[in-house]
Amino acid sequence: MNTSMQTEITNNGVNVEALLGAREALSETPVAAKFQWRAESKWINGTHSQTTINKFFGLGEEHNHKTASTFDTDHPAIFASEDKGPTPVEYVLVGLAGCLSSGIAAVAQNRDIQLHSVKASLEGEMDIQGILGMDSDIRNGFDSIKVVYHIEADASKEDIEALVAQSQKRSAVFDALTNPTSVHVEVA
């Protein structure tokens, strides 16, 4: 009797071989790992602005995304605004969710863990008295951010927790939120 074994291949849509190859190549030429991400923003009206992402520098040269992306920011009507888009701080939550989730997919792929569903709920706590200038002792940014993941995968709870921990460890957005970043604002 001839039986064949079927081998299941993990496919979370991440080309880990290419990522590991890039890491290897960059270890030989670390200057190529210096990237500059860019955004161009214009004020529309009131608290409404529009920001476009298209160009960036990396691997020693200029690049364009396949498609330029445009993002509207505004404030809700309860702030006497027109609510033409999410607030800028909500985009911070979007960035954090996207960075952590893509990291989870990459780490899972590298560890041969098949993902079935990855969902995150994020909550950012903020006291707006600082932004409104009511109390200079209250910071303008988030007091805290809570991220809760619901992940279905062919893995134990401990393995899933390890995926999330490794993603958090390598997340650029998590790092930017939890460590001081030098930001310079000037008028040209």
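This section reports on the structure supplied with the text.

Describing the packing of helix α1 (residues 16-28) against helix α2 (residues 88-110)
Move 1: Packing of α1 against α2 leaves a shortest axis separation of 9 Å and a crossing angle of 95 degrees. With respect to each other, α1 and α2 are oriented roughly perpendicular. The segment α1 lies against α2, with Val16, Leu19 and Leu20 engaging Ala106, Gln109 and Asn110.
Move 2: A per-class count over the contact of α1 with α2 returns 4 nonpolar, 2 polar and no charged.

Side note on the packing of aromatic side chains
Move 1: Tallying each qualifying case throughout the model produces 4 aromatic pairs.
Move 2: Both rings, one in phenylalanine 35 and one in phenylalanine 56, keep their centres 6.4 Å apart while their planes meet at 15 degrees; by these two values the pair is stacked. In this pair, phenylalanine 35 is assigned in the loop between α1 and β1 (36-37) and phenylalanine 56 in strand β3 (residues 48-58), connecting sequence segments 21 residues apart.
Move 3: By relative accessible area, which is 37% here, phenylalanine 35 ends up partly exposed.
Move 4: Since its relative accessible area comes to 13%, phenylalanine 56 is described here as buried.
Move 5: Joined through ring pairs, the aromatic side chains of Phe35, Trp37 and Phe56 make up one cluster.

A word on unusual backbone geometry
Move 1: Of note in this structure, aspartate 83 is not a glycine but carries a positive phi near 55 degrees.
Move 2: By secondary structure assignment, the location of aspartate 83 is in the loop between β4 (61-73) and α2.
Move 3: When its relative accessible area of 46% is taken as the criterion, aspartate 83 is described as partly exposed.

Re the nonpolar core
Move 1: In this structure, Leu115, Ile151, Ala153 and Leu163 are the most contacted members of the largest nonpolar core, which totals 15 residues.
Move 2: Mapped by element, the contributors of at least two residues to this core are α2, β6 (144-153) and α3 (157-170).
Move 3: Top contributing element to this core by residue count: α2, with 6 residues.

Criteria and cut-off values
- Residues numbered from 1 in each chain as written.
- Predicted model: local features only at pLDDT ≥ 70, side-chain atom pairs only at ≥ 80, totals over all residues.
- Heavy atoms only, no water.
- Axes fitted to C-alpha atoms, helices over the stretch in contact; angles between N-to-C directions.
- Helix = DSSP H or I, 4+ residues; strand = E, 2+ residues; numbered from the N terminus.
- Parallel < 35°, antiparallel > 145°, perpendicular 65-115°, else oblique.
- Contact = heavy atoms within 4.5 Å.
- Nonpolar A, V, L, I, M, F, W, Y, C, P; charged D, E, K, R; others polar.
- Phe/Tyr/Trp six-rings, centres within 6.5 Å; stacked < 30°, edge-to-face > 60°.
- Buried < 20%, exposed > 50% of the residue type's maximum accessible area, 1.4 Å probe, protein only.
- Core = buried A, V, L, I, M, F, W, Y, C linked by side-chain atoms within 4.5 Å.

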